[in-house]
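This is what each chain is made of:
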Amino acid sequence: MNYVFGPVPSRRLGKSLGIDPIPLKTCNWNCVYCQLGRTTPLTTGRSEYAPRQDILVEVQQALAAQQSGEIDWVTFVGSGEPTLHSGIGWLIQQVKALTSLPVAVITNGALLYLPEVRQELSAADAVLPTLDAGNPRLYRKINRPHPEVSFERLVEGLSAFRREYQGQLWVEVMLVRGLNDTEEALREIAATLQTIHPDQVHINLPMRPPAELWVQPPDEEGLLRARAILGEVVHVVHPAEGDFDLSGYIDLVDAVVAIITRHPMREEELTRALERWTPGQVGEALQALMTSGRAQVVERCGCHFWSAAASRYSERRAA
Ligand code: SF4
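Residues numbered from 1 in each chain as written. Predicted model: local features only at pLDDT ≥ 70, side-chain atom pairs only at ≥ 80, totals over all residues. Heavy atoms only, no water.

(A) Region of interest: the nonpolar core. Counting residues in hydrophobic clusters, the biggest one holds 71 residues, and the most contacted among them are Phe 76, Leu 121 and Leu 131. The element that contributes the greatest number of residues to this core is helix H6 (residues 183-196), accounting for six residues. Excluding its chain neighbours within four sequence positions, the residues that come into contact with Phe 76 are Ile 19, Pro 82, Ile 88, Leu 91, Ile 92, Val 95, Val 103, Ala 104, Val 105 and Ile 106. If you look at the next biggest cluster of nonpolar residues, it comprises 17 residues, including Phe 5, Leu 252, Ile 260 and Trp 306. (Core = buried A, V, L, I, M, F, W, Y, C linked by side-chain atoms within 4.5 Å. Buried < 20%, exposed > 50% of the residue type's maximum accessible area, 1.4 Å probe, protein only. Helix = DSSP H or I, 4+ residues; strand = E, 2+ residues; numbered from the N terminus. Contact = heavy atoms within 4.5 Å.)

Structure, rendered in structure tokens:
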């Protein structure tokens, strides 16, 4: 499978079958906390990055292979910004025709100022955009956007989408210590959220290896401040629990690479996910990953994360 992965345990969507229509790491933002490393290329160009029909065939196969109850959501997410794929509207509609499972789109929301993108996402059951800043300066500092996707366009797009969209709009705020966990920054974010009226606001923390070494989650005080200021509607999201389902793959090494390309994993998570294979098989798979150059191990705060070899981080690799 090239475009479909999982199901993976999602902090917000339970067991999520992922659809990844964008190559690593094509995005219109270059977030300092991005778990996939630095953006290359930084682009706002919408295109058929992968043939839509090929993506759909994989979705059909993945859905057919799953037992009832094994998936909670089908989610467009992955190696870059999914709304850059020009066929995402068609894909959402085709997936909705294939299954009664709810469909979500995890997006940065930067292209929602475009009427056609709002229209294309309207068939999804939930859209989960990002708002990390309440002013243009902090937006540029945290999200490092392409010049075409300004802060004004982001807020304008989110507000317009809220007015038109009938599904669930869940805005994520990723907190970065010293940047958007201060009282001033949080009050500006809260004021911006009040103009958007999302159904929920999810606080998230950079718990996986960030693109920039200096990025840290807020301390307990910063988190409490965020919860207090962003209001009673805030739902604090905790790190994922549960196992990654890698059983649908024939080749174990391919399975691990498919997951860590979109979702770097701590060693403990990886070990847990691989427990269903024998220790000998696990040892061989890890050895193959190390020697084939398909993965890297990145160290942050004493934790080791496996990620795709192509991801570019700002500091040393652990191995
Ligand atoms: S976190 Fe998402 S929006 Fe930000 S750079 Fe990474 S892929 Fe793009």
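(B) Spatial organisation of empty space enclosed by the protein. Tallied over the entire structure, the rule returns two cavities of 30 Å³ or more. Empty space within the largest cavity amounts to approximately 810 Å³. Lining the largest cavity are 39 residues; nearest its centre among them are Arg 12, Gln 35, Val 77, Ile 106 and Glu 172. Of all the secondary structure elements, the ones that give two or more residues to the lining of the largest cavity are strand S1 (4-10), strand S2 (14-19) and strand S6 (168-174). The element contributing the most residues to the lining of the largest cavity is S1, with four residues. For the lining of the largest cavity, the residue count by class is 19 nonpolar, 13 polar and seven charged. (1 Å grid on protein atoms, 1.4 Å probe; cavity = no way out; pocket = protein on both sides within 12 Å on 5 of 7 lines; lining within 4 Å. Points joined across faces, edges and corners; volume = space filled by probe spheres on them. Nonpolar A, V, L, I, M, F, W, Y, C, P; charged D, E, K, R; others polar.)

(C) Highlighting the environment of Asp 132. For Asp 132, the position within the fold is in the loop between strand S5 (126-128) and helix H4 (136-143). Residues Asp 132 and Asp 181, spaced 49 residues apart in sequence, show a C-alpha to C-alpha distance of 9.8 Å. Not counting chain neighbours up to four residues away, the residues in contact with Asp 132 comprise Tyr 33, Ile 142, Asn 143, Glu 172, Val 173, Met 174, Asn 180 and Ile 189.

(D) Up close: the packing of H6 against helix H7 (residues 220-230). Where H6 meets H7, the closest approach of the two axes is 9 Å, and the angle between their N-to-C directions is 35 degrees. Helix-helix and strand crossings are classified by hand; for H6 and H7 the assignment is right-handed. Across the interface between the two elements, Glu 183, Leu 186, Arg 187, Ile 189, Ala 190 and Leu 193 from H6 touch Arg 225, Ala 226, Ile 229 and Leu 230 from H7. For the contact of H6 with H7, the residue count by class is seven nonpolar, no polar and three charged. (Axes fitted to C-alpha atoms, helices over the stretch in contact; angles between N-to-C directions. Left-handed = near helix turned anticlockwise from the far one by under 90°.)

(E) Spatial organisation of the side chain of Arg 162. Within the secondary structure, Arg 162 is located in helix H5 (residues 151-164). The class for Arg 162 is buried, based on a relative accessible area of 15%. At a separation of 2.8 Å, a polar atom in the side chain of Arg 162 contacts the side chain of Asp 199. Among residues more than four places away in sequence, those in contact with Arg 162 are Gly 167, Leu 169, Ile 196, His 197, Pro 198 and Asp 199. (Polar contact = N/O pair within 3.5 Å; in protein donor to acceptor, adjacent residues only side chain to side chain.)

(F) Local environment of the pairing of S6. The element S6 is extensively covered by neighbouring structure, given that six of its seven residues are classed as buried. Relative to S6, S5 runs parallel, the two sharing two bridges. Paired with Ala 126 across the strands is Gln 168, a residue of S6. Pairing geometry for S6 and strand S7 (residues 200-204), over five bridges, is parallel. Opposite Val 171, over in S7, you have Val 201 as the bridge partner. (Pairing = 2+ DSSP bridges.)

(G) Structural context of the confidence of the model for the protein chain. Scored by pLDDT, the protein chain comes out at a mean of 87, with 89% of its residues at no less than 70. When the criterion is pLDDT under 50, residues 238-242 qualifies, and its contacts beyond four places in sequence or with other chains add up to eight contacts. (pLDDT = per-residue confidence, 0-100.)

(H) View of the site of the ligand. With respect to spatial proximity, the complete set of residues near the ligand consists of Lys 25, Cys 27, Trp 29, Asn 30, Cys 31, Tyr 33, Cys 34, Thr 39 and Asn 108. In this structure the site holding the ligand corresponds to the largest cavity. Split by residue class, the shell around the ligand holds five nonpolar, three polar and one charged. (Near = heavy atom within 4 Å. Sits in = over half its atoms within 2 Å of the grid points.)

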